[in-house]
Amino acid sequence: MTTTLEAAGTLELSLSPDLSPDSWMAVCEEARLTPGRGVAALLPDGRQAAVFRDRSGRTYAIDNRDPFTGAQVLSRGLLGSAGGRPFVASPLLKQRFDLETGRCLDDDEVAVTVYPVRTR
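Small disclaimer: the values here were computed from a predicted structure and weren't measured.

1. Observations concerning the pattern of salt bridges
Opposite charge on two side chains permits them to pair, given that their charged atoms come into close proximity.
Phase 1: The full count for this structure, using the stated rule, is eight salt bridges.
Phase 2: Two residues, Glu12 and Arg118, come together in a salt bridge whose shortest N-O distance is 2.6 Å. Pair noted here: Glu12 is in strand β2 (residues 10-14) and Arg118 is in strand β11 (residues 117-119), with a separation of 106 residues, a long-range link.
Phase 3: For Glu12, a relative accessible area of 14% gives the class buried.
Phase 4: When the shortest N-O distance is used, the salt bridge between Arg96 and Asp106 registers 2.9 Å. With Arg96 in strand β9 (residues 96-98) and Asp106 in the loop between β9 and β10 (114-115), this residue pair connects regions lying ten residues apart in the sequence.
Phase 5: The class of Asp106 is partly exposed, set by a relative accessible area of 43%.
Phase 6: Each of Arg85, Asp98 and Glu100 takes part in a single network of salt bridges with overlapping partners.

Here it is in structure tokens:
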């Protein structure tokens, strides 16, 4: 799930796919995100999310753990697009992960968690 940011506010992500009202967690002020770069956010259960804002203002959140290496590094990856699909390339082995679905574009059997995002 993506959102286009028009006004400054607090970026939140949902920890539940059903988007229940109590599942939303504040991550940071939207103004702190640099277009084209990611940040890592610590989740209540100790996992990390990689949060991105692309150059058009859309925001994305996926799991920060690279499933190929186990390292918490996807927030440091490079943003790009392939066939109109936004992705982040892992800074370690360069596998690309679709920011909307979490699917690895280089290995159909691998995916990362995607978190819905919104600005309030």
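More follows now that the structure is in view.
2. As for the environment of Thr113
Phase 1: Looking at the element boundaries, Thr113 is found in the loop between β9 and β10.
Phase 2: Judged by relative accessible area, which is 39%, Thr113 ranks as partly exposed.

3. Things to note about the sheet that holds strand β8 (residues 85-89)
Phase 1: The antiparallel open sheet is built from three strands, whose spatial order is β7-β8-β9. With one partner strand each, in any of the chains shown, β7 (78-82) and β9 form the two edges of the open sheet. The mean inter-strand angle of the sheet, taken between neighbouring strand axes irrespective of direction, is 35°.
Phase 2: Pairing geometry for β8 and β9, over three bridges, is antiparallel. Bridge pairing links Val88 to Phe97 in β9.

The rules behind these values
Residues numbered from 1 in each chain as written. Predicted model: local features only at pLDDT ≥ 70, side-chain atom pairs only at ≥ 80, totals over all residues. Heavy atoms only, no water. Salt bridge = Lys/Arg side-chain N within 4 Å of Asp/Glu carboxyl O. Helix = DSSP H or I, 4+ residues; strand = E, 2+ residues; numbered from the N terminus. Buried < 20%, exposed > 50% of the residue type's maximum accessible area, 1.4 Å probe, protein only. Pairing = 2+ DSSP bridges. Axes fitted to C-alpha atoms, helices over the stretch in contact; angles between N-to-C directions.

The analysis is restricted to geometry; functional conclusions fall outside its scope.
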